[in-house]
Every structure is written in structure tokens, then in C-alpha cells.
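If you want the building blocks of each chain, they are given just below.
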Amino acid sequence: MQTFLKFLRGFTEGVVLLGLLFGTLGAQEKPNTCLECHSMLEGSLQIPPQKWNADIHKTKGLGCADCHGGDPTQMDDQKAMNRAKGFVGAPQGAALVQMCGKCHSDAAFMKKYNPSLRVDQVSEYFTSVHGKRLKTGDQNVATCISCHGVHEIRPVSDPRARVYPTNVADTCGACHSNDKLMAPYKIKTHQKEEYQLSVHYEALMKKGDLSAPTCNSCHGNHGAAPPGVGSVTNVCGQCHSVFADLFNKSPHKAAFNQMGLPACVYCHGNHGIKHPEDTLLGVDDKTLCSQCHTSGDPGFQQAQTMRQAIDQLKNSIASSEAVLSEAEHKGMEVSQPVYDLIEARQDLTKARTQVHAFNAASLQVFVQAGLNITHRATEKGHQALAEYQFRRKGLAISLVVILIVIVGLYFKIRQVDRRSNGE
Amino acid sequence: MSQENKIGSKFYRWIDERVQLANLRKFMAKKAVPQHRHSLWYYFGGMTLFLFLVQVGTGILLTLYYRPSAEEAYESVQFIMTEVKFGWLIRSIHSWSANLLIAAMFIHLFSVYFLKSYRRPRELTWLSGMFLFVLVLAFGFSGYLLPWNELSFFATKVGTEIAGVLPVVGKFTLHLLRGGDDVTGATLSRFYGFHIAILPGIATMILTIHLLLVQRLGMSVPRGVEKELERTKKPLKEVPFFPNFLLHDLLGWYVALAALAALAALMPWELGKKADPFSSAPAGIRPEWYFVYMFQTLKFIPAKILGMDGEVLGIFGFGLGGLFLFLVPFLDREPLAGRRTALFTGIGVFIVVYILTLTFVGYRV
């Protein structure tokens, strides 16, 4: 057995040497004995060469030794993986972060490959919960390779990358949905499940909108941390800027701060945000407003008025649509008022947005603008239906006239035919 | 004689002196139309003429408001439909009448074909009629684009594309029809020119020849009727053209008018959505019903047949079919009796069944 292993080793070295010789003469590539040897090993040690071809670093011309150190020109494993020649093996934890940061924090070096790439990932990482815990000696927290993978690292623009927007939830969920891993930290593991029911997930995964938020959009990526109560509007406001602006100017801003409530999240939730319904607004038991406001207080009054105004516009749009649809169905030309209703629907959206100012008067401006359009459209619809009736009556009269002429003609024809036949 | 009659006869004499109405009266009084069991088919020629005149009248009225540009065409038709007094009626009548005209013309064409009225000496009447048939189809094709709506835009795109696959002349024809590489405002103004100036000019000329030939040669009596009369030795029954036949014709026109009024008022012609050249073609796009059998054939035909382009072969086949119809009076040399005549009747039946089947399939698929 020993002899056989010796033979195998000698044969391998021969093959590798030949390969190196022809490789050097042929493609003029940097010698890399690491891949040659690892590809002949078994188990986890043979995985790196299998994955390496898909790695961004490989395509940029980097080799194993650029991260792991050592001498890739040596056939002897002792010489190739010599610590004196900088071999660092497979570092973990802080050492790993430092290893990646060696290049990724070096602006001059990174400029050679991608001038627009940020170089503050490592410093940002140490502001994250992951980084902070790592500093305290917790070796189970996420580091660079937990998210980006290892030996098969793809650019973020590659849909197969673990950090591509549509894959981020799965990447984070690999740890955060794992009860066993999260138990020591007392972190719940339902976030991914909730997120998959959210309007954001639907936009990202079903509608293919890559700008829709996923985990890192709100929590950050390298500096991942839960947003603090006070900064929720800033986070949501990155995309929903109008809502955030209205909220920050509203009386709710100070009240929420005082009560220590997370602004947007308190009404809309966080991971499982659903499409907002008008039923959230108002004063009946199922509404959100009624959780804090009670009959008689100004907020109660505002909520009631806002809901009534929105319902009024919504119903008015629906009745306009019904009248115009009936006219359209009867073949009448009503495309202009149908088109005008788009603006009324936009006014309804603006009014719903204005709810976040929690001021019924400012919301009423948009409701009134929408109502003006729906009233005109409904009137046009009724006019079209009246015109349809007029046409039907006109047709009946004209058909009677035509029929009388036809009957007259018929008798005239009989008369002239008889005359022609000499009757 | 009353004072009014005196004025009437004075006016008649004045006109007669200048245009010799007496000759015309004599001609009209003498002119007779054969009457037999197939006389019904004579009225479809008159009905086609009536619907053509309706098209001329309503078309002229539409030009008062229609604006032939990609920016304004749709809006101007919308304006006609909503703002112009009875504009909806005029536009709907124009659209419905166009369809009824083509239907009446198909019936007229095939009734003449099956009764073999194209036989000597009426070859030129047939030829002029066939030219009118092609012209009316061209009227339909060019007019369909004018509202510049989604359906008409994409149907024109597909239709002109088909013309573009023809070998040698394809690219030239495509450019001639479109006024460029794509269907644009240039195509619209070009089609408008075809629809209201070029085609009407040619159609008026050929229609005049067609009507003059009909007047000159009279109505054809089907050979079967002639043989029966020869056998029974009975004289051919005739009715005076004026007023008997004209009154029958008028009755047919009034029936068509009643149908048009009912269709226009109860089923106004839709305007659809404005054409957006940058959007993708809506699903189920198909041309007007009278082109569906051709469109469906080209859809069914394999991409390659014996190494040749299937679409080109399909168009070539339709070209041959058209040429056959044009030349049928010269091919069917013995239409009076015999096997050859049965062959041409068979071909006619095949053409009608083919058109009906493919049209039916086109609407089902």
C-alpha cells in the first residue's frame, strides 16, 4: 500500500511538472501547483479547484497565493505551503476579514481593477453587529465568506452571486432562519418567512423589480445592524421619501419619539409589510388610528374625516367607471373621460400619501381635485348614454320612414309590373 | 294644361334643346332587362354601386374633419365621433358600408362567375369588374389604417411586411407602401393619398367603363335559361329598365340603407386605442375579415417548401389565383356546355369553399 502511495505521489508530481512545463511554454500563465495538487486530493480539499474557475478573482488574473500566500511554483507541498513564504492557510474570523481587506481596503490597488468599487467594507464591517461581536471573540458570526462564498465569489451584478438582490434573503436566511444558530443570540428566525409574504418580496421576486428592497436595503450590508427606533423613517425614507417627509413634519413625529415607537414600522410592520389598505385608516375598531386615538380627541376627528374623504373619492371613481363602462359597452366613444379618470386615480394615490401628514385639510385638496374629474367624467358618461338613447329613437324613426318608402316602392313595382304585363 | 305644367314643359324643352334629352328618353324607354329565375343576382351589381356611392358621400364628409398625420389622425376621428354633429353616424356608416360593399362585391363577382356571364362578348365587362374588385380591396386596406389605432397600425405593419417578402420587387413595394422602412406618419399620409385621390380617380374611370359596357351589352342571360327557352320555344321574358327594373333596384338600395342605419346606430364602429409604434403588437392581431383567408393561409404554410420560402410560395399562389380569375373568360373558351365548363364551375366552388373555410378557421384560432 505504502509503495503504491509512493508511486502515486511520484506519478502525480511528474504529471504536475509536465503540466507546468507545457503550461509555461504554452499559455504563459503564472505557475500554480496549488490547483494541480488540490484537484487530485479528496474530500473538501479538492473543492477549491472545482469552484475556482467561476471566481471573479480568477478572471481578474489572481491566484491562490494572492490570498493564501506560499509559493505556487513549488511541487513539494512542504515548500509550497511554507509559513516562511507567507502561507496563511485558511484563516477564520478576524484574520479572514483582514485577509480580504488587504486588497479591498487598498484604494490604490483596487483602482487597478474597479475604480468605482468602495474600499471601506472592512471598517464598515466592524461597525456591524457581526463585526462588533467578532471583536469580542465570537467566532460564529458572519464574515466576508459567509455572504460572498469562498473560491466561487461572483460580482454582485451576476444573478448567480449570493449577494445578487434576488439571492440576498436566502444568503442572510442561511443563518438567520436557523434556530440552532440564532438561539444563543436570542434572535427570532421568522424574518425571511415574513419577508416572503411582503409587498417588497413580491416586487423583487415576482415583478422582477431589482430596486425593491431586500435585507441589506434596510439593514445595510457590510455594516449590517437593525435600524434604531429613531432612524426608521430615514431608512424607509430612502425609497418612500415623500411619506417620510410628510411624517417628519407631522404632529406624529414628536409623539412617536416621545413614546419610543418606531415610526413607519409601528403601523406597517417591518419584514412582512403588506400592501396598505384604506381599512388601516379611520376610527372603527379594526383601524390602526383607533389603537391610540379615542372619540373626542383631535386625532380621532382627523382620522374620521380623512377616511371619509378617501372613501368618497374612491366611490366616485367607481361610479364614474361603471357609467363609462356601460357607455363603452353600448359602443359609445368615451375614451377621453376614461383617460381623464387616470388623473383622478392619481389624485386618490396622492390623497392616500397625504394621510402621512395626518392633516385632513391638506388631504382634502387632492380629494377635491379628484372629485372634480370624476364628476365631469360621470357627466360625460351620462351624456353618452343619453346620446345612445337618442340614436336608438332616431334609428327607430328613420327605419319607419325607410320602411314606408319600401312598402310604397313595393306597391309601385306591382303597379308597373302589372302595366308591363298588360293586365 | 296648368300653369305649373306649362313651366315644366318649357324647362324640359330648354334642356332638350341643349342636351338632346329625347334621345336618352327613347333609349330608356326601349331598354329592357331579361327576367328569369336567376334575376335576383342582377341586383347585387346595383347594390355594390349604391354602397360605393355611400362611401363617396360619407368619405367626402369625413375629409372635412379628418387630419392625416400620426399626431392628429386618431384625435381627429375621436373628434368626429364625439363632437361633430352626426359625425358618429357618418363615420359608422362609412365603416359599415365599406364592409357591406366588399361583401356585396364578393357576391356579385361569384354570381357572375357561376352564371358564366363573362362569356363572349362580355370579357371586357368582367375584366373591368375584376379591376374594380382589386381597387375596392385596396380602398379597404388603405382606409383601415387611417384612424391610426392599435389594430389598424399592426395589421398594416403585417400586411405591408407580407408584400415585402416578394422576390425582386418586395423591398421596392414595401418602401412604396410605407414611405420608408417602418409604418410611420409617412405611411399614413401616403395611404390617405391613395384612399382619397389616387384610388378614387382610377376607380371612377374603370367604373364608368364598366357601367358603359353593361349598358352597351345589356344583361347576360344564363346559358341554362337560354337553352330552356330554345327547347320550349318560348320568347325571353323582359321587363322595361325604366321604371320596372330601376324600382326593383331602388328597393334593394333601401333595404341596404335600412341595414346600414341599424348597424351604424346599434353597433357604432369602435375607435380602439391610439397606435403606439413603440409598443408590442397586441395578441390575436388579424387583418379585416376579407383578408383573413390569405393571412390564415400564410400562417399555416410551412416556412420552407422544397427549399423555397413558404410565404413567398403562398403569395405566388394567391397571385396565380387572382390571375386565373382575371383571365377566366379567355381560359373558359367553351362556357356554353361540356366538361370544360364543369371544371371551371368546380374551380369556382373550390375558391369559395376555400375562402369561407379559411376565414372561419382564422376567426376560431
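Since the structure is predicted, the reported quantities are computational estimates derived from the model, not experimental observations.

Trainee: How should I be thinking about the overall build of chain A in this particular structure?
Mentor: A count of helical and extended segments in chain A gives 23 helices and zero strands. Computed over C-alpha atoms, the radius of gyration of chain A comes to 37 Å, more than 25% over the 22 Å expected from 2.2 N^0.38 for 423 residues, which places it beyond the range of a compact globule. Principal axes of the C-alpha set define a box for chain A whose edges measure 130 × 85 × 45 Å. Burial status across chain A gives 31% buried among its 423 residues. For chain A, the accessible area works out to roughly 25,700 Å², and carbon and sulfur atoms hold 59% of it. Chain A carries 44 positive and 39 negative side-chain charges, and their two centres are separated by 1 Å.

Trainee: When you look at the domain arrangement of chain A in this model, what are you seeing that I'm missing?
Mentor: Quoted interface sizes are often the accessible area lost when the parts come together. Entries for chain A in the domain assignment read domain 1 (31-90) and domain 2 (298-420). Using C-alpha coordinates to define each centre, domain 1 of chain A is positioned 75 Å away from domain 2 of chain A.

Trainee: Help me understand the interface of chain A and chain B, please; the structure alone is not making it clear to me.
Mentor: The interface is formed by 23 residues belonging to chain A together with 25 residues belonging to chain B. With both chains or domains summed, chain A and chain B bury close to 2,000 Å², and 71% of this area falls on carbon and sulfur atoms. The tally of links from chain A across to chain B stands at zero salt bridges. Across the chain A-chain B interface, the total number found is five residue pairs in polar contact (both at pLDDT 80 or more). Listing elements by their share of the side of chain A that touches chain B, those giving two or more residues are α22 (335-354) and α23 (360-420) of chain A. With 17 residues, the top contributor of residues to the side of chain A that touches chain B is α23(A). Class assignment of the residues belonging to the side of chain A that touches chain B gives a composition of 10 nonpolar, five polar and eight charged.

Trainee: Sorry if this is basic, but what is going on with the nonpolar core here?
Mentor: Nonpolar side chains in soluble globular proteins tend to be buried together. Counting 43 residues, the largest nonpolar core has F106(B), Y113(B), W126(B), M130(B), F133(B), F324(B) and V328(B) as the members making the most contacts within it. Counting residues per element, this core draws most heavily on helix α5 (residues 87-114) of chain B, at 10 residues. Here V328(B) is in contact with Y113(B), Y118(B), W126(B) and F344(B), once residues within four sequence places are set aside. L324(A), A344(A), V367(A) and I373(A) belong to the second largest nonpolar core, which has 27 residues in total.

Trainee: Looking at this model, I keep getting lost on the pattern of salt bridges. Mind explaining?
Mentor: Once their charged atoms are close, side chains differing in charge can pair, the charge on each being opposite to the other. All names here are of chain A. On inspection of all chains with the given rule, the structure shows 26 salt bridges over all chains. The shortest N-O distance in the salt bridge between D158 and R154 comes to 3.6 Å. Judged by relative accessible area, which is 15%, R154 ranks as buried. In this structure, the salt-bridge partner of D278 is K314, at a minimum N-O distance of 2.9 Å. Of this pair, D278 sits in the loop between α20 (263-268) and α21 (298-329) while K314 sits in helix α21, and the two are 36 residues apart along the sequence. According to the relative accessible area criterion, D278 is buried, its value standing at 14%. Salt bridges sharing partners connect three or more residues here, namely D278, R307, D311, K314 and R352.

Trainee: Looking at this structure, I do not really get a nonpolar patch on the surface. What am I missing?
Mentor: Residues and elements named next belong to chain B. There is a patch of nonpolar side chains on the surface, built from F316, L320, L323, L327, F330 and L331 and spanning about 540 Å² of accessible area. Along the polypeptide, L323 turns up in helix α13 (residues 310-331). By relative accessible area, which is 46% here, L323 ends up partly exposed.

Trainee: What is the right way to read the packing of aromatic side chains from this model?
Mentor: The geometry of an aromatic ring pair is captured by two quantities: the separation of the ring centres and the angle between the planes. Within the structure shown, the criterion is met by 35 aromatic pairs over all chains. Both rings, one in Y118(B) and one in W126(B), keep their centres 5.5 Å apart while their planes meet at 65°; by these two values the pair is edge-to-face. Judged by its relative accessible area of 6%, W126(B) falls in the buried class. Members of the aromatic cluster, joined through ring pairs, are F106(B), F133(B), F141(B), F191(B), F194(B), W289(B), Y290(B) and F291(B). Against the face of W88(B) rests R391(A), its NZ or CZ located 3.4 Å from the ring centre. For K116(B), the ring lying beneath its charged end belongs to Y113(B), and the centroid distance is 5.9 Å.

Trainee: I would appreciate a short explanation of the side chain of S117(B) in the present structure.
Mentor: Residue and element names in this part refer to chain B. Counting through the fold element by element, S117 comes out in the loop between α5 and α6 (123-145). What makes S117 buried here is its relative accessible area of 14%. Look past the residues within four positions of S117 in its chain and what remains in contact with it is V112, R122 and S220.

Trainee: Which parts of the structure should I look at to understand the packing of helix α3 (residues 43-63) of chain B against helix α11 (residues 241-266) of chain B?
Mentor: A pair of packed helices can be characterised by two numbers: the angle between their axes and the separation between those axes. Residue and element names in this part refer to chain B. Two numbers describe how α3 lies on α11: the axes approach to 9 Å, and their chain directions differ by 50°. Of the possible angle classes, the one that applies to α3 and α11 is oblique. α3 and α11 meet at a crossing whose hand is right-handed. Facing α3, whose interface residues are Y43, G46, M47, F50, L51 and V54, α11 presents F245, H248, D249, G252, W253, A256, L257 and L260. Residues that form the contact of α3 with α11 fall into these classes: 10 nonpolar, three polar and one charged.

Trainee: Can you help me understand helix α7 (residues 150-164) of chain B in this one?
Mentor: For an α-helix, the turn length of 3.6 residues means that residues three or four places apart are oriented alike. Residues and elements named next belong to chain B. Helix length check: α7, at 15 residues, gives a terminal C-alpha distance of 21 Å against a target of 21 Å (1.5 Å per residue), a fit within 8%. If you check which residues of α7 are buried, you get E150, S152, F153, F154, A155, T156, T160, I162 and A163. Buried residues along α7 sit in contact with α6, α8 (170-178), α9 (185-217), α12 (289-300) and α13.

Trainee: Just checking my understanding: could you explain the packing of α5(B) against α11(B) for this structure?
Mentor: All names here are of chain B. Packing of α5 against α11 brings their axes to within 9 Å, and their N-to-C directions diverge by 125°. One way to sum up the angle between α5 and α11 is to call them oblique. The interaxial crossing formed by α5 with α11 has right-handed handedness. Contact residues: W88, L89, S92, I93, W96, S97 and L100 in α5; L260, L263, A264 and A265 in α11.

Trainee: Just checking my understanding: could you explain the domain arrangement of chain B for this structure?
Mentor: What the domain assignment reports for chain B is domain 1 (1-30) and domain 2 (37-288). Domain 1 of chain B and domain 2 of chain B are separated by 36 Å when their C-alpha centres are compared.

Trainee: Sorry if this is basic, but what is going on with the confidence of the model for chain A here?
Mentor: Low-pLDDT portions of the prediction should not be read for the details of their coordinates. Per-chain confidence: chain A averages 88 in pLDDT, with 91% of residues scoring 70 or above. Scored below 50 in pLDDT, residues 14-28 of chain A makes 11 contacts in the model with residues more than four places away or belonging to other chains.

Trainee: Please explain the state of the cysteines as it appears in this structure.
Mentor: Covalent bonding between the sulfur atoms of two cysteines defines a disulfide. All names here are of chain A. Applying the stated criterion to the full structure yields zero disulfides over all chains. Not part of a disulfide, C239 finds its nearest cysteine sulfur in C218, a span of 7.5 Å. Under the relative-accessibility criterion, C239 is labelled exposed at 55%. Residue C264 stays outside any disulfide, its sulfur separated by 3.8 Å from that of C236, the closest cysteine. Taking relative accessible area as the criterion, C264 reaches 22% and is therefore assigned partly exposed.

Parameters and conventions
Residues numbered from 1 in each chain as written. Chains lettered and ligands numbered in written order. Predicted model: local features only at pLDDT ≥ 70, side-chain atom pairs only at ≥ 80, totals over all residues. Heavy atoms only, no water. Helix = DSSP H or I, 4+ residues; strand = E, 2+ residues; numbered from the N terminus. Rg over C-alpha atoms; globule rule 2.2 N^0.38 Å. Buried < 20%, exposed > 50% of the residue type's maximum accessible area, 1.4 Å probe, protein only. Areas by Shrake-Rupley, 256 points an atom, 1.4 Å probe, with all protein chains shown as cover. Lys, Arg positive; Asp, Glu negative; His and termini not counted. Charge placed at Lys NZ, Arg CZ, Asp CG, Glu CD. Domains from an automatic or database assignment. Contact = heavy atoms within 4.5 Å. Buried area = accessible area lost by both parts, 1.4 Å probe. Salt bridge = Lys/Arg side-chain N within 4 Å of Asp/Glu carboxyl O. Polar contact = N/O pair within 3.5 Å; in protein donor to acceptor, adjacent residues only side chain to side chain. Nonpolar A, V, L, I, M, F, W, Y, C, P; charged D, E, K, R; others polar. Core = buried A, V, L, I, M, F, W, Y, C linked by side-chain atoms within 4.5 Å. Patch = residues over 30% accessible without salt bridge, like charges linked within 9 Å, V, L, I, M, F, W, Y side chains within 5 Å. Phe/Tyr/Trp six-rings, centres within 6.5 Å; stacked < 30°, edge-to-face > 60°. Lys NZ or Arg CZ within 6 Å of the ring centre and 35° of its normal. Axes fitted to C-alpha atoms, helices over the stretch in contact; angles between N-to-C directions. Parallel < 35°, antiparallel > 145°, perpendicular 65-115°, else oblique. Left-handed = near helix turned anticlockwise from the far one by under 90°. Expected span 1.5 Å × (residues − 1). pLDDT = per-residue confidence, 0-100. Disulfide = S-S within 2.5 Å.

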